[in-house]
Amino acid sequence: MMGNFDNMNKPETLSTLYVVGNLNVDLIMSTLHQWPQKGTETMLETSSIRPGGSAGNCALALAALGTPHRLVANQGNDQFTDWLASLFPQSAPHWPTVECETSLTFGVTHPDHERTFFSNQGHIVRLNLDDVLLQLPSQAQPGDWVLLCGTFLCTRLFEQYPQLLSALKQRGYHVVVDSGWPPQDWSDALRQQITPWLGYCDALLLNEVETLGMSARDTLDDAAVYLLSQMAENAFVVAKCGPDGARLWSARGQLYQAADPVQVVDTIGAGDSFNAGFLSALVYGQEPQQALQWGVRVAGSAISSNPRQYPDWQVLLSLSAEKISVEK
C-alpha cells in the first residue's frame, strides 16, 4: 500500500491519531460465484494474504497518508506474529504478546463485490483495558483523537468500554467509535449496554446498516438524530453510504458529500480507509465538512486501485477549498 505524496505540501500538526482495536491476518480469495456443496472442492482465481481488521486497515491507510498515528493492539504468539509486527514498526514494540494463535479471517468475494468472512477468535478477544491504557500517553496533546474500532470483536475490551471511555476523556482525548456489526446481531439488551457510553463519544463513524441497527430506528435521519441526542456536546454522527458518499449530523445541521464514480477493484477495508481520510483531516485541523471530503476521496482511491493508492496532499488540500453540499 502506498501513496503518491509530495510532503513539501503537507501541513504541520502536533496531534496524533491513536487507533485501538482489531488487527488480524486476512486471507482473501476471489471470486466465489456460487456456494459449494458440502464435501466438494472449489478453485478460485486469486488469493492474497495481508494484514486486516478494522484497526489494521485504518493504520495502513494512515501510514500511506503520512498521518501521525499509532496502532494500539496486542499480538498472538505463532508464525504470523513477527510478520504482522514487521508491517507496523512504530507501533509493534508497544504491543503485549498473548500466548495464543493470531486472529485470522478467511474471506471470499462474490461477483457483486460483496464478501463473506470467517474468523477465529485468537488474540483480539484478549485485548484489555490495561493493554490499551499502557500504550497511550497519560495526557493527550491538543487535537489528539482515539479511534475505537472492531468494538464487538474485541470482546474483553468491549466489556470494559465504560472504564476505557471514562479514562480516555479524563486524559483529554477526543473519542470516536466505529463499532462494526455485532456478530450476535443487534438486540435491545445490547443497545441498553452501549447507550451509557455514547455520552463519552465525540463522534461515531458507522455505515448505514450499523447506524440503523445501533439506534433501532427505521430511517437514517431518525437514527442519526437519536444517536446524536445520546452523545457528548458538539458531537457528530457520520454514516458511510458506499457509492452514495457520506452524511454527517451535528448540532449545526447536516452535511452530505457525494462520492466520485470509480471502477471498484477491492472493497475490503473501504470504511476503514474512509476513517483514515476523515480523521486525518481532523488531526490536521480541518473542519468536519472537509473531513467528509477527505474520507470519501481516500476511500474511493483505495477501492479502485490494486495495489492500493491514495490521493496526495496537494489533492487533499485542494478539496478543502471546495464548497460542500449542506442539507437543510
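In this numbering scheme, every chain counts its residues from 1 along its sequence in written order. Two thresholds apply to this predicted model, a pLDDT of at least 70 for residue-level local features and 80 or more for giving and counting side-chain atom pairs, whereas whole-chain, interface and lining totals are computed over all residues. In computing side-chain properties, one takes all heavy atoms of the structure into account and sets aside hydrogens as well as water.

**Digging into the overall build of the protein chain**
And then number 1: Numbering of helices and strands starts at the N terminus; helices are DSSP runs of H or I of at least 4 residues and strands are runs of E of at least 2. Of regular secondary structure, the protein chain possesses 11 helices and 13 strands.
And then number 2: Restricting the calculation to C-alpha atoms gives the radius of gyration, and the globule rule supplies 2.2 Å times the number of residues raised to the power 0.38. Its C-alpha atoms give the protein chain a radius of gyration of 19 Å, within 12% of the compact-globule value 20 Å for 328 residues.
And then number 3: In terms of overall dimensions, the protein chain has a C-alpha envelope of 55 × 45 × 45 Å along the principal axes.
And then number 4: Here the term buried applies to any residue with accessible area under 20% of the maximum for its type, exposed to any over 50%, and partly exposed to those in between, with areas from a 1.4 Å probe on protein chains only. For the protein chain, buried positions account for 54% of its 328 residues.
And then number 5: Throughout, a residue-residue contact means that at least one pair of heavy atoms, one from each residue, lies within 4.5 Å. Here the contacts in the protein chain between residues at least 6 apart in sequence split such that 70% fall between residues at least 24 apart.
And then number 6: When the accessible surface of the protein chain is split by element, carbon and sulfur atoms take 50% of a total near 15200 Å².
And then number 7: Positive residues here are Lys and Arg, negative ones are Asp and Glu, while His and the chain termini are left out of the count. A charge is said to be at NZ when it belongs to Lys, at CZ for Arg, at CG for Asp and at CD for Glu. For the protein chain, the distance from the average site of its 18 positive side-chain charges to the average site of its 33 negative ones is 4 Å. Surface exposure here means Shrake-Rupley accessible area, sampled with a 1.4 Å probe, where a residue is shielded only by the protein chains that are shown.

**Here we look at the pairing of strand β11 (residues 246-250)**
And then number 1: Relative to β11, strand β10 (residues 236-240) runs antiparallel, the two being bridged by five bridges. The residue of β11 that forms the bridge with K240 is A246.
And then number 2: Linking two consecutive strands that pair antiparallel, namely β10 and β11, is a turn of five residues; a positive phi of about 60 degrees is found at G242 within it.
And then number 3: Note on pairing: DSSP must find at least two bridges between two strands before they are called paired. Between β11 and strand β12 (residues 253-257), which pair antiparallel in sequence order, lie two residues.

**Examining the nonpolar core**
And then number 1: In this structure, V19, L71, W145, F274, F278 and L279 are the most contacted members of the largest nonpolar core, which totals 50 residues.
And then number 2: By residue number, the principal contributor to this core is helix α1 (residues 54-65), which donates eight residues.
And then number 3: The contact partners of L71, leaving out residues within four places of it in the chain, are V19, L23, A55, G56, A59, F88, S91, W95 and Q135.
And then number 4: In this structure, L127, L190, L206 and L220 belong to the second largest nonpolar core, which totals 44 residues. To form a nonpolar core, buried Ala, Val, Leu, Ile, Met, Phe, Trp, Tyr and Cys residues must be joined to one another through side-chain atoms within 4.5 Å.

**Some words on the packing of aromatic side chains**
And then number 1: Stacked, tilted and edge-to-face are the three classes assigned to paired rings of Phe, Tyr and Trp, where Trp is represented by its six-membered ring and a pair needs centres within 6.5 Å; plane angles under 30 degrees give stacked, over 60 edge-to-face, the rest tilted. Evaluated as defined, the whole model comprises 14 aromatic pairs.
And then number 2: Both rings, one in W35 and one in F118, keep their centres 6.1 Å apart while their planes meet at 35 degrees; by these two values the pair is tilted. Placement of W35 in the loop between β2 (24-30) and β3 (46-52) and of F118 in strand β6 (residues 115-119) is noted, with a sequence separation of 83 residues between them.
And then number 3: Through pairs of rings, three or more aromatic residues link up here, namely F152, F158, Y161, W181, W186 and W197.
And then number 4: Counted as over-ring charges are cases with an Arg CZ or a Lys NZ within 6 Å of the ring centre that also lie within 35 degrees of the ring normal. Above the plane of the ring of Y226 lies R217, whose end atom (NZ or CZ) is 4.0 Å from the centre.

**Some remarks on α1**
One turn of an α-helix holds 3.6 residues; hence residues three or four places apart share an orientation.
And then number 1: What a helix is expected to span follows from its residue count: subtract one and scale by 1.5 Å. Over its 12 residues, α1 runs 17 Å from end to end, which matches the ideal 16 Å to within 8%, given 1.5 Å per residue.
And then number 2: Buried residues dominate α1, accounting for 10 of its 12 residues.
And then number 3: Turning to α1, its buried residues are A55, G56, N57, C58, A59, L60, A61, L62, A64 and L65.
And then number 4: Remark: G66 follows α1 within two positions and exhibits a positive phi of approximately 80 degrees.

**Digging into a nonpolar patch on the surface**
And then number 1: What makes a patch is a set of residues exposed beyond 30% relative accessible area and free of salt bridges, joined within 9 Å when like-charged and within 5 Å when nonpolar (Val, Leu, Ile, Met, Phe, Trp, Tyr). Take a side-chain nitrogen of Lys or Arg and a carboxyl oxygen of Asp or Glu: if they are within 4 Å of each other, that pair is a salt bridge. A surface patch of nonpolar side chains, amounting to about 250 Å² of accessible area, comprises I49, W83 and L87.
And then number 2: The topology assignment puts I49 in strand β3.
And then number 3: A relative accessible area of 46% means that I49 is categorised as partly exposed.

**What to know about unusual backbone geometry**
And then number 1: The omega torsion across S30 and T31 is 0 degrees, close enough to zero to call that bond cis.
And then number 2: Checked against the element boundaries, T31 lands in the loop between β2 and β3.
And then number 3: Residues N306 and P307 are joined by a peptide bond in cis, for which omega reads 0 degrees.
And then number 4: When you line up the elements, P307 lands in the loop between α10 (288-303) and α11 (313-319).
And then number 5: Residue A216 is not a glycine yet carries a positive backbone phi of 60 degrees.
And then number 6: Position of A216 among the secondary structure elements: in the loop between α7 (208-215) and α8 (220-229).

**Here we look at the side chain of T16**
And then number 1: With respect to the helices and strands, T16 occurs in the segment before β1 (17-20).
And then number 2: A relative accessible area of 18% means that T16 is categorised as buried.
And then number 3: Ignoring any residue separated from it by four or fewer positions in sequence, one finds T16 in contact with P68, H69, R70, G143, D144, W145 and V283.

**Examining the side chain of S215**
And then number 1: With respect to the element layout, S215 can be found in helix α7.
And then number 2: Once residues within four sequence positions are removed from consideration, S215 is found in contact with R191, A223, Y226 and L227.

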